[in-house]
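Reading the structure
Chain by chain, the residues:
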Amino acid sequence: MTTVPTRVPLDPLGADIAAESARLRALGPIVPVTLPGGIPAWAPTGYDTLKTLILDPRVSKDPRRHWALFPELGQHPEWGWILGWVGVINMLSSYGPDHTRLRRLVAPSFTARRTEAMRGRVEAITAELLDGLGEAAASGGPVDLKSGYAHPLPMRLICELFGVPDHLTESTGALIAAIMDTSDPSPQHAAFVQEQIATVLPALVAYKTERPGDDMTTELIKVRNEDGDRLSAEELVHTLLLVIGAGFETTVNLIGNAIVALLDDPAQLAAVRSGAVGWDAVVDETLRAHPSIANLPLRFAISDITVDGVTVPAGDAIITTYAAAGLDPAHFGADAHTFDAARGADDHLAFGIGVHRCIGAPLARMEALTALPALFDRFPDLELAVKPEELKQVPSFIAFGWQEIPARIGK
(Lines give C-alpha, C1' and ligand atoms only; values in the text may rest on other atoms or scores of the structure.)
Protein backbone atom coordinates (compact mmCIF):
# COMPACT_ATOMS: atom_id res chain seq x y z
CA MET A 1 0.00 0.00 0.00
CA THR A 2 1.34 3.41 -1.00
CA THR A 3 1.93 5.87 1.83
CA VAL A 4 0.41 9.27 1.16
CA PRO A 5 2.63 12.12 2.43
CA THR A 6 1.35 14.74 4.83
CA ARG A 7 -0.40 17.64 3.09
CA VAL A 8 2.21 20.19 1.99
CA PRO A 9 1.45 23.94 1.92
CA LEU A 10 2.39 25.64 -1.34
CA ASP A 11 4.29 28.91 -1.04
CA PRO A 12 1.71 31.63 -1.83
CA LEU A 13 4.54 33.91 -2.98
CA GLY A 14 5.94 31.38 -5.46
CA ALA A 15 9.41 32.47 -4.38
CA ASP A 16 11.18 29.40 -5.81
CA ILE A 17 8.76 27.41 -7.94
CA ALA A 18 11.45 25.14 -9.40
CA ALA A 19 12.75 24.10 -5.98
CA GLU A 20 9.24 23.59 -4.66
CA SER A 21 8.41 21.38 -7.64
CA ALA A 22 11.49 19.26 -6.99
CA ARG A 23 10.61 18.85 -3.30
CA LEU A 24 7.09 17.73 -4.16
CA ARG A 25 8.36 15.36 -6.86
CA ALA A 26 10.51 13.60 -4.27
CA LEU A 27 7.34 12.80 -2.32
CA GLY A 28 5.63 10.95 -5.15
CA PRO A 29 3.78 11.30 -8.47
CA ILE A 30 0.84 13.13 -6.90
CA VAL A 31 0.99 14.91 -3.55
CA PRO A 32 -1.70 16.37 -1.25
CA VAL A 33 -1.09 20.10 -0.85
CA THR A 34 -2.78 23.16 0.58
CA LEU A 35 -3.28 26.34 -1.41
CA PRO A 36 -3.32 29.84 0.12
CA GLY A 37 -5.91 30.08 2.84
CA GLY A 38 -5.69 26.33 3.48
CA ILE A 39 -7.63 25.03 0.45
CA PRO A 40 -6.87 21.30 0.09
CA ALA A 41 -5.84 19.99 -3.34
CA TRP A 42 -3.65 17.45 -5.11
CA ALA A 43 -0.50 18.36 -7.06
CA PRO A 44 0.76 16.08 -9.86
CA THR A 45 4.55 16.27 -9.82
CA GLY A 46 5.57 14.89 -13.21
CA TYR A 47 4.92 15.29 -16.92
CA ASP A 48 3.26 11.95 -17.60
CA THR A 49 1.01 12.14 -14.54
CA LEU A 50 -0.19 15.63 -15.38
CA LYS A 51 -0.76 14.85 -19.06
CA THR A 52 -2.72 11.72 -18.17
CA LEU A 53 -4.94 13.58 -15.74
CA ILE A 54 -5.58 16.47 -18.13
CA LEU A 55 -6.80 14.01 -20.77
CA ASP A 56 -8.74 11.81 -18.33
CA PRO A 57 -12.52 12.26 -18.80
CA ARG A 58 -12.90 11.58 -15.08
CA VAL A 59 -11.25 14.97 -14.42
CA SER A 60 -13.51 18.00 -14.68
CA LYS A 61 -13.03 21.76 -14.59
CA ASP A 62 -16.55 22.52 -13.35
CA PRO A 63 -16.48 23.31 -9.60
CA ARG A 64 -20.23 23.73 -9.35
CA ARG A 65 -20.80 20.12 -10.38
CA HIS A 66 -17.68 18.31 -9.24
CA TRP A 67 -15.88 20.04 -6.34
CA ALA A 68 -17.08 18.64 -3.03
CA LEU A 69 -16.00 21.80 -1.18
CA PHE A 70 -17.63 24.29 -3.53
CA PRO A 71 -20.76 24.64 -1.33
CA GLU A 72 -18.49 25.46 1.62
CA LEU A 73 -16.73 28.45 0.06
CA GLY A 74 -18.94 30.90 1.92
CA GLN A 75 -17.94 29.34 5.24
CA HIS A 76 -14.24 30.07 4.62
CA PRO A 77 -13.57 33.79 3.98
CA GLU A 78 -9.87 32.96 3.60
CA TRP A 79 -10.75 30.91 0.51
CA GLY A 80 -12.36 33.87 -1.23
CA TRP A 81 -9.38 34.48 -3.53
CA ILE A 82 -10.22 31.26 -5.44
CA LEU A 83 -13.53 32.74 -6.60
CA GLY A 84 -11.71 34.61 -9.36
CA TRP A 85 -10.87 31.18 -10.76
CA VAL A 86 -13.78 28.90 -9.82
CA GLY A 87 -16.58 31.38 -9.16
CA VAL A 88 -16.84 32.33 -12.83
CA ILE A 89 -18.55 30.67 -15.79
CA ASN A 90 -16.35 30.47 -18.87
CA MET A 91 -14.33 27.92 -20.84
CA LEU A 92 -11.82 27.56 -18.02
CA SER A 93 -14.43 26.48 -15.49
CA SER A 94 -16.69 24.27 -17.57
CA TYR A 95 -16.81 20.60 -18.55
CA GLY A 96 -18.24 18.38 -21.26
CA PRO A 97 -21.10 19.82 -23.34
CA ASP A 98 -20.98 23.11 -21.39
CA HIS A 99 -17.35 23.61 -22.37
CA THR A 100 -18.01 22.58 -25.96
CA ARG A 101 -20.83 25.12 -26.24
CA LEU A 102 -18.76 27.98 -24.82
CA ARG A 103 -15.71 27.21 -26.93
CA ARG A 104 -17.79 27.05 -30.11
CA LEU A 105 -19.19 30.47 -29.35
CA VAL A 106 -15.79 32.01 -28.58
CA ALA A 107 -13.50 30.25 -31.08
CA PRO A 108 -14.62 32.19 -34.21
CA SER A 109 -13.13 35.34 -32.71
CA PHE A 110 -9.68 33.70 -32.50
CA THR A 111 -9.08 32.75 -36.11
CA ALA A 112 -5.63 32.37 -37.66
CA ARG A 113 -6.59 35.14 -40.07
CA ARG A 114 -7.26 37.60 -37.25
CA THR A 115 -4.00 36.66 -35.53
CA GLU A 116 -2.03 37.21 -38.72
CA ALA A 117 -3.82 40.52 -39.28
CA MET A 118 -2.38 41.76 -35.97
CA ARG A 119 1.21 41.18 -37.04
CA GLY A 120 1.62 44.70 -38.36
CA ARG A 121 0.40 46.22 -35.09
CA VAL A 122 2.70 43.95 -33.08
CA GLU A 123 5.66 45.10 -35.16
CA ALA A 124 4.67 48.76 -34.90
CA ILE A 125 4.18 48.67 -31.11
CA THR A 126 7.44 46.76 -30.73
CA ALA A 127 9.36 49.39 -32.70
CA GLU A 128 7.79 52.19 -30.67
CA LEU A 129 8.69 50.52 -27.37
CA LEU A 130 12.26 49.89 -28.51
CA ASP A 131 12.61 53.58 -29.34
CA GLY A 132 11.34 54.35 -25.85
CA LEU A 133 13.89 52.04 -24.26
CA GLY A 134 16.67 53.74 -26.18
CA GLU A 135 15.53 57.14 -25.03
CA ALA A 136 15.16 56.00 -21.42
CA ALA A 137 18.67 54.58 -21.46
CA ALA A 138 20.21 57.77 -22.84
CA SER A 139 21.02 58.89 -19.31
CA GLY A 140 23.22 55.84 -18.89
CA GLY A 141 21.13 54.23 -16.18
CA PRO A 142 19.35 50.88 -16.29
CA VAL A 143 15.88 50.38 -17.75
CA ASP A 144 13.18 47.95 -16.67
CA LEU A 145 12.52 45.58 -19.55
CA LYS A 146 9.27 44.44 -17.97
CA SER A 147 7.51 47.78 -17.49
CA GLY A 148 9.16 49.25 -20.58
CA TYR A 149 8.76 46.35 -22.99
CA ALA A 150 7.46 42.93 -21.93
CA HIS A 151 4.33 44.32 -20.26
CA PRO A 152 3.16 47.18 -22.52
CA LEU A 153 3.40 45.20 -25.77
CA PRO A 154 0.85 42.50 -24.86
CA MET A 155 -1.24 44.96 -22.84
CA ARG A 156 -1.58 47.45 -25.67
CA LEU A 157 -2.27 44.73 -28.19
CA ILE A 158 -4.96 43.01 -26.13
CA CYS A 159 -6.65 46.34 -25.44
CA GLU A 160 -6.74 47.05 -29.17
CA LEU A 161 -8.03 43.56 -29.92
CA PHE A 162 -10.89 43.89 -27.45
CA GLY A 163 -11.57 47.57 -27.98
CA VAL A 164 -10.77 48.48 -24.37
CA PRO A 165 -11.06 52.29 -24.12
CA ASP A 166 -8.33 54.35 -22.47
CA HIS A 167 -10.37 55.05 -19.36
CA LEU A 168 -10.68 51.31 -18.64
CA THR A 169 -7.13 50.22 -19.52
CA GLU A 170 -5.56 50.77 -16.11
CA SER A 171 -8.38 49.15 -14.17
CA THR A 172 -8.41 46.16 -16.52
CA GLY A 173 -4.70 45.57 -15.95
CA ALA A 174 -5.12 46.00 -12.19
CA LEU A 175 -7.93 43.43 -12.13
CA ILE A 176 -5.83 40.76 -13.84
CA ALA A 177 -2.84 41.50 -11.61
CA ALA A 178 -5.03 41.17 -8.51
CA ILE A 179 -6.35 37.78 -9.60
CA MET A 180 -2.81 36.51 -10.20
CA ASP A 181 -1.56 37.82 -6.84
CA THR A 182 -1.91 34.96 -4.34
CA SER A 183 0.15 36.54 -1.57
CA ASP A 184 -2.95 37.88 0.20
CA PRO A 185 -5.78 35.39 0.86
CA SER A 186 -7.63 37.93 2.99
CA PRO A 187 -11.37 38.51 2.56
CA GLN A 188 -10.59 42.13 1.72
CA HIS A 189 -8.46 41.15 -1.27
CA ALA A 190 -11.09 38.68 -2.44
CA ALA A 191 -13.80 41.32 -2.11
CA PHE A 192 -11.73 43.77 -4.17
CA VAL A 193 -11.34 41.21 -6.97
CA GLN A 194 -15.05 40.40 -7.03
CA GLU A 195 -15.97 44.08 -7.01
CA GLN A 196 -13.62 44.73 -9.93
CA ILE A 197 -15.00 41.79 -11.93
CA ALA A 198 -18.50 43.12 -11.33
CA THR A 199 -17.66 46.68 -12.45
CA VAL A 200 -14.72 46.88 -14.86
CA LEU A 201 -15.77 44.25 -17.38
CA PRO A 202 -19.50 45.12 -17.39
CA ALA A 203 -18.36 48.70 -18.08
CA LEU A 204 -16.43 47.41 -21.10
CA VAL A 205 -19.50 45.51 -22.33
CA ALA A 206 -21.68 48.59 -21.90
CA TYR A 207 -19.16 50.77 -23.72
CA LYS A 208 -18.88 48.42 -26.69
CA THR A 209 -22.63 47.84 -26.81
CA GLU A 210 -23.08 51.59 -27.30
CA ARG A 211 -19.99 51.92 -29.53
CA PRO A 212 -19.58 48.66 -31.47
CA GLY A 213 -16.44 48.30 -33.54
CA ASP A 214 -14.11 45.87 -35.28
CA ASP A 215 -12.96 44.23 -32.06
CA MET A 216 -13.40 40.97 -30.15
CA THR A 217 -15.63 42.40 -27.44
CA THR A 218 -18.12 43.51 -30.08
CA GLU A 219 -17.94 40.05 -31.69
CA LEU A 220 -18.54 38.28 -28.38
CA ILE A 221 -21.51 40.54 -27.65
CA LYS A 222 -23.06 39.69 -31.02
CA VAL A 223 -22.01 36.07 -31.46
CA ARG A 224 -24.69 33.44 -32.02
CA ASN A 225 -24.30 29.81 -33.10
CA GLU A 226 -26.34 28.01 -35.71
CA ASP A 227 -29.12 27.44 -33.16
CA GLY A 228 -29.28 31.09 -32.21
CA ASP A 229 -27.56 30.44 -28.87
CA ARG A 230 -25.39 33.20 -27.46
CA LEU A 231 -23.33 34.03 -24.40
CA SER A 232 -25.39 35.05 -21.39
CA ALA A 233 -24.53 38.36 -19.72
CA GLU A 234 -22.62 36.50 -17.00
CA GLU A 235 -20.83 34.22 -19.46
CA LEU A 236 -19.83 37.23 -21.57
CA VAL A 237 -18.24 39.07 -18.64
CA HIS A 238 -16.47 35.95 -17.38
CA THR A 239 -15.27 35.05 -20.88
CA LEU A 240 -13.76 38.52 -21.24
CA LEU A 241 -12.04 38.03 -17.89
CA LEU A 242 -10.49 34.82 -19.18
CA VAL A 243 -9.43 35.85 -22.67
CA ILE A 244 -8.17 39.32 -21.77
CA GLY A 245 -6.26 38.02 -18.75
CA ALA A 246 -4.78 35.06 -20.57
CA GLY A 247 -4.14 37.25 -23.59
CA PHE A 248 -1.71 39.62 -21.94
CA GLU A 249 -0.52 38.42 -18.51
CA THR A 250 0.85 35.13 -19.81
CA THR A 251 2.55 36.79 -22.79
CA VAL A 252 4.19 39.34 -20.48
CA ASN A 253 5.85 36.49 -18.60
CA LEU A 254 6.71 34.54 -21.75
CA ILE A 255 8.65 37.50 -23.16
CA GLY A 256 10.20 38.47 -19.81
CA ASN A 257 11.25 34.92 -18.91
CA ALA A 258 12.88 34.39 -22.30
CA ILE A 259 14.81 37.66 -21.99
CA VAL A 260 16.17 36.71 -18.56
CA ALA A 261 17.05 33.17 -19.62
CA LEU A 262 19.09 34.38 -22.60
CA LEU A 263 20.81 37.21 -20.75
CA ASP A 264 21.77 34.70 -18.08
CA ASP A 265 23.52 32.48 -20.64
CA PRO A 266 25.67 34.38 -23.15
CA ALA A 267 26.66 31.17 -24.95
CA GLN A 268 23.05 30.31 -25.72
CA LEU A 269 22.31 33.89 -26.72
CA ALA A 270 25.25 33.74 -29.12
CA ALA A 271 23.90 30.50 -30.60
CA VAL A 272 20.52 32.11 -31.15
CA ARG A 273 22.03 35.23 -32.67
CA SER A 274 24.13 33.12 -35.05
CA GLY A 275 21.09 31.19 -36.19
CA ALA A 276 22.33 27.89 -34.78
CA VAL A 277 19.24 27.85 -32.53
CA GLY A 278 15.94 29.27 -33.74
CA TRP A 279 13.64 31.67 -31.92
CA ASP A 280 10.84 29.10 -32.07
CA ALA A 281 13.04 26.82 -29.98
CA VAL A 282 13.69 29.65 -27.50
CA VAL A 283 9.96 30.18 -27.06
CA ASP A 284 9.30 26.45 -26.55
CA GLU A 285 12.12 26.08 -24.04
CA THR A 286 10.90 29.13 -22.13
CA LEU A 287 7.42 27.63 -21.96
CA ARG A 288 8.90 24.36 -20.71
CA ALA A 289 11.40 25.62 -18.14
CA HIS A 290 9.69 28.86 -17.11
CA PRO A 291 6.00 28.54 -18.07
CA SER A 292 4.00 31.73 -17.69
CA ILE A 293 1.50 29.82 -15.55
CA ALA A 294 3.19 27.57 -12.99
CA ASN A 295 0.06 26.19 -11.34
CA LEU A 296 -3.47 26.64 -12.64
CA PRO A 297 -6.51 26.27 -10.35
CA LEU A 298 -8.46 23.96 -10.48
CA ARG A 299 -9.55 20.58 -11.81
CA PHE A 300 -11.74 18.06 -9.97
CA ALA A 301 -11.99 14.29 -9.73
CA ILE A 302 -15.41 13.13 -10.90
CA SER A 303 -14.80 9.67 -9.44
CA ASP A 304 -12.01 8.09 -7.43
CA ILE A 305 -8.80 8.16 -9.48
CA THR A 306 -5.76 6.07 -8.56
CA VAL A 307 -2.31 7.36 -9.52
CA ASP A 308 0.52 4.90 -8.83
CA GLY A 309 -1.27 3.49 -5.82
CA VAL A 310 -2.47 6.86 -4.48
CA THR A 311 -6.21 7.46 -4.67
CA VAL A 312 -7.57 10.94 -5.32
CA PRO A 313 -11.15 10.78 -3.96
CA ALA A 314 -14.10 11.91 -6.04
CA GLY A 315 -14.81 15.58 -5.44
CA ASP A 316 -11.22 16.53 -4.58
CA ALA A 317 -9.45 19.42 -6.29
CA ILE A 318 -6.36 18.99 -8.50
CA ILE A 319 -3.86 21.70 -9.45
CA THR A 320 -2.62 21.80 -13.05
CA THR A 321 1.13 21.88 -12.40
CA TYR A 322 2.72 23.12 -15.63
CA ALA A 323 6.00 24.09 -13.96
CA ALA A 324 6.50 20.69 -12.33
CA ALA A 325 5.70 18.93 -15.61
CA GLY A 326 8.17 21.05 -17.57
CA LEU A 327 10.95 20.45 -15.05
CA ASP A 328 10.41 16.69 -14.79
CA PRO A 329 13.74 14.87 -15.33
CA ALA A 330 11.91 11.63 -16.12
CA HIS A 331 10.62 13.24 -19.31
CA PHE A 332 13.13 15.97 -20.17
CA GLY A 333 16.33 14.41 -18.83
CA ALA A 334 18.62 14.91 -15.87
CA ASP A 335 19.29 18.52 -16.91
CA ALA A 336 15.58 19.41 -17.01
CA HIS A 337 16.24 22.12 -14.43
CA THR A 338 18.47 24.01 -16.87
CA PHE A 339 17.42 26.23 -19.76
CA ASP A 340 18.64 24.76 -23.06
CA ALA A 341 17.04 26.24 -26.16
CA ALA A 342 18.56 23.48 -28.30
CA ARG A 343 16.64 20.85 -26.32
CA GLY A 344 13.67 20.66 -28.69
CA ALA A 345 10.95 20.96 -26.07
CA ASP A 346 7.97 21.42 -28.37
CA ASP A 347 6.02 18.79 -26.43
CA HIS A 348 5.71 21.05 -23.36
CA LEU A 349 2.26 21.37 -21.82
CA ALA A 350 2.34 25.11 -21.09
CA PHE A 351 -0.46 25.93 -23.55
CA GLY A 352 -2.50 23.00 -22.29
CA ILE A 353 -3.50 19.92 -24.22
CA GLY A 354 -6.75 18.42 -25.41
CA VAL A 355 -10.05 20.30 -25.44
CA HIS A 356 -8.78 22.99 -23.06
CA ARG A 357 -5.69 23.92 -25.10
CA CYS A 358 -5.18 27.70 -24.99
CA ILE A 359 -7.22 29.32 -27.72
CA GLY A 360 -4.86 32.31 -27.89
CA ALA A 361 -1.61 30.34 -28.15
CA PRO A 362 -0.87 31.39 -31.77
CA LEU A 363 -1.17 35.07 -30.85
CA ALA A 364 1.12 34.73 -27.82
CA ARG A 365 3.72 32.91 -29.90
CA MET A 366 3.56 35.52 -32.65
CA GLU A 367 4.07 38.35 -30.15
CA ALA A 368 7.07 36.63 -28.57
CA LEU A 369 8.60 35.76 -31.95
CA THR A 370 8.36 39.43 -32.90
CA ALA A 371 9.44 41.01 -29.62
CA LEU A 372 12.44 38.84 -28.76
CA PRO A 373 14.55 39.02 -31.93
CA ALA A 374 13.71 42.71 -32.31
CA LEU A 375 14.99 43.47 -28.81
CA PHE A 376 18.26 41.59 -29.15
CA ASP A 377 18.88 42.91 -32.68
CA ARG A 378 18.30 46.50 -31.58
CA PHE A 379 20.48 46.27 -28.48
CA PRO A 380 23.34 43.80 -29.09
CA ASP A 381 25.11 44.81 -25.86
CA LEU A 382 22.04 44.28 -23.67
CA GLU A 383 22.78 42.85 -20.21
CA LEU A 384 21.08 42.44 -16.87
CA ALA A 385 21.78 45.23 -14.38
CA VAL A 386 21.54 42.81 -11.44
CA LYS A 387 22.53 39.22 -10.83
CA PRO A 388 19.82 36.77 -11.92
CA GLU A 389 19.42 35.54 -8.35
CA GLU A 390 18.52 39.09 -7.30
CA LEU A 391 15.43 39.19 -9.51
CA LYS A 392 12.15 38.84 -7.61
CA GLN A 393 9.37 36.50 -8.66
CA VAL A 394 5.89 38.04 -8.90
CA PRO A 395 3.96 37.28 -5.66
CA SER A 396 2.04 34.29 -6.95
CA PHE A 397 2.11 30.51 -6.97
CA ILE A 398 0.06 30.74 -10.20
CA ALA A 399 2.06 33.16 -12.36
CA PHE A 400 5.72 32.45 -13.16
CA GLY A 401 7.56 35.68 -13.94
CA TRP A 402 9.58 38.62 -12.66
CA GLN A 403 8.45 41.79 -10.90
CA GLU A 404 11.14 43.83 -12.67
CA ILE A 405 13.89 43.10 -15.20
CA PRO A 406 16.51 45.85 -14.75
CA ALA A 407 18.95 45.94 -17.66
CA ARG A 408 21.61 48.07 -19.26
CA ILE A 409 21.16 48.78 -22.93
CA GLY A 410 24.85 49.19 -23.65
CA LYS A 411 26.35 51.18 -26.47
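By the naming in an unreviewed UniProt entry, the protein is Cytochrome P450, taken from Streptomyces mauvecolor.

Extensive coverage of strand E2 (residues 30-35) is indicated by the burial of 6 of its 6 residues. What you see with E2 is no split at all: Ile30, Pro32 and Thr34 on one side and Val31, Val33 and Leu35 on the other are buried throughout. Bridge analysis of strand E1 (residues 8-9) against E2 gives 2 bridges, and the strand direction is parallel. Across the sheet, proline 9 pairs through a bridge with threonine 34, a residue of E2. The β-α-β motif built from E1, the intervening helix H1 (residues 17-25) and the parallel element E2 has right-handed crossover chirality. The pairing of E2 with strand E3 (residues 39-44) spans 6 bridges and is antiparallel. Of the residues in E3, the one forming a bridge with isoleucine 30 is proline 44.

What follows deals with the pairing of strand E6 (residues 296-301). Counting buried residues in E6 gives 6 out of 6 residues, a clear majority hidden from the surface. Looking at chain direction, strand E4 (residues 59-60) and E6 are connected through 2 bridges and run antiparallel. Bridge pairing in E6 places valine 59 opposite alanine 301.

A few words now on the layout of surface pockets. For the largest pocket, the calculated volume is near 550 Å³. Lining the largest pocket are 23 residues; nearest its centre among them are Ala18, Asp264, His290, Phe400 and Trp402. Of all the elements in the fold, those that place two or more residues in the lining of the largest pocket are H1 and helix H13 (233-263).

In this fold, aspartate 144 is placed in strand E5 (residues 143-144). Buried and unpaired, aspartate 144 has lysine 146 as its nearest opposite-charge partner, separated by 7.6 Å. Polar contacts involving the side chain of aspartate 144 include one to the side chain of serine 147, which spans 3.0 Å. A distance of 2.8 Å separates a polar side-chain atom of aspartate 144 from the backbone nitrogen of isoleucine 405. If sequence neighbours within four positions are ignored, aspartate 144 has contacts with Tyr149, Glu404, Ile405 and Pro406.

Criteria and cut-off values
Residues numbered from 1 in each chain as written. Predicted model: local features only at pLDDT ≥ 70, side-chain atom pairs only at ≥ 80, totals over all residues. Heavy atoms only, no water. Buried < 20%, exposed > 50% of the residue type's maximum accessible area, 1.4 Å probe, protein only. Helix = DSSP H or I, 4+ residues; strand = E, 2+ residues; numbered from the N terminus. Pairing = 2+ DSSP bridges. Right-handed = clockwise from strand over helix to strand, strands pointing away. 1 Å grid on protein atoms, 1.4 Å probe; cavity = no way out; pocket = protein on both sides within 12 Å on 5 of 7 lines; lining within 4 Å. Points joined across faces, edges and corners; volume = space filled by probe spheres on them. Lys, Arg positive; Asp, Glu negative; His and termini not counted. Salt bridge = Lys/Arg side-chain N within 4 Å of Asp/Glu carboxyl O. Polar contact = N/O pair within 3.5 Å; in protein donor to acceptor, adjacent residues only side chain to side chain. Contact = heavy atoms within 4.5 Å.

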